[in-house]
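Letter by letter, the chains look like this.
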Amino acid sequence: MPDTPAASASPPTRMMALGSAALTEGFRLLGVETFADATPDVLEELLAGLVQRQEKALVFLEHDLARSHGVWLQRVRDEGVRIVTAEIPPLHAPGAYHPQAEDVVRSIL
């Protein structure tokens, strides 16, 4: 099978983590792009850039950021094609964490 030219290869999926410095440090050690102590505004700017450049990404978000109400965050979740977000429980209270999907299931039941 012939090799494909590097120019035609699709760009790699970016892996990013946004949250507290303590949380992002672990991701940084794994080679993930990190944004320590990121705010909802930083998240929105990052997501807008990813969408506009049509990049693929897996974005890990600490609990508070994942529950922010940004326009770009909602758009990314609605589209769910090139950019996937994953919510990470807070480090200070992982036992008290409940994912948003659990809230939806409870409301249905």
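Whatever comes next refers back to the structure up there.
Residues numbered from 1 in each chain as written. Predicted model: local features only at pLDDT ≥ 70, side-chain atom pairs only at ≥ 80, totals over all residues. Heavy atoms only, no water.

Q: For the sheet that holds strand β4 (residues 83-88), give the residues involved together with the corresponding values.
A: A sheet is described by the order of its strands in space; here four strands give the open sequence β2-β1-β3-β4, paired in parallel fashion. The open sheet has two free edges, formed respectively by β2 (33-36) and β4, since each of these has just one partner strand. Each neighbouring strand pair of the sheet contributes to a mean axis angle of 15°, computed without reference to strand direction. Relative to β4, strand β3 (residues 57-62) runs parallel, the two sharing six bridges. Residue pairing across strands places A57 opposite I83, the latter belonging to β4. (Pairing = 2+ DSSP bridges. Helix = DSSP H or I, 4+ residues; strand = E, 2+ residues; numbered from the N terminus. Axes fitted to C-alpha atoms, helices over the stretch in contact; angles between N-to-C directions.)

Q: Run through the pattern of salt bridges, naming residues and quoting values.
A: Summed over the entire model, instances satisfying the criterion amount to six salt bridges. Note that E87 and R67 form a salt bridge whose closest N and O atoms lie 3.1 Å from each other. Of this pair, E87 sits in strand β4 while R67 sits in the loop between α3 (63-66) and α4 (71-79), and the two are 20 residues apart along the sequence. We classify R67 as partly exposed; its relative accessible area is 24%. Of the charged contacts, one joins E79 and R75 as a salt bridge, the two residues approaching to 2.9 Å between their closest N and O atoms. Linking E79 with R75, this pair stays in helix α4, spanning four residues, or about one helical turn. Owing to a relative accessible area of 41%, E79 belongs among the partly exposed residues under this scheme. On the accessibility criterion, R75 (37% relative accessible area) is partly exposed. (Salt bridge = Lys/Arg side-chain N within 4 Å of Asp/Glu carboxyl O. Buried < 20%, exposed > 50% of the residue type's maximum accessible area, 1.4 Å probe, protein only.)

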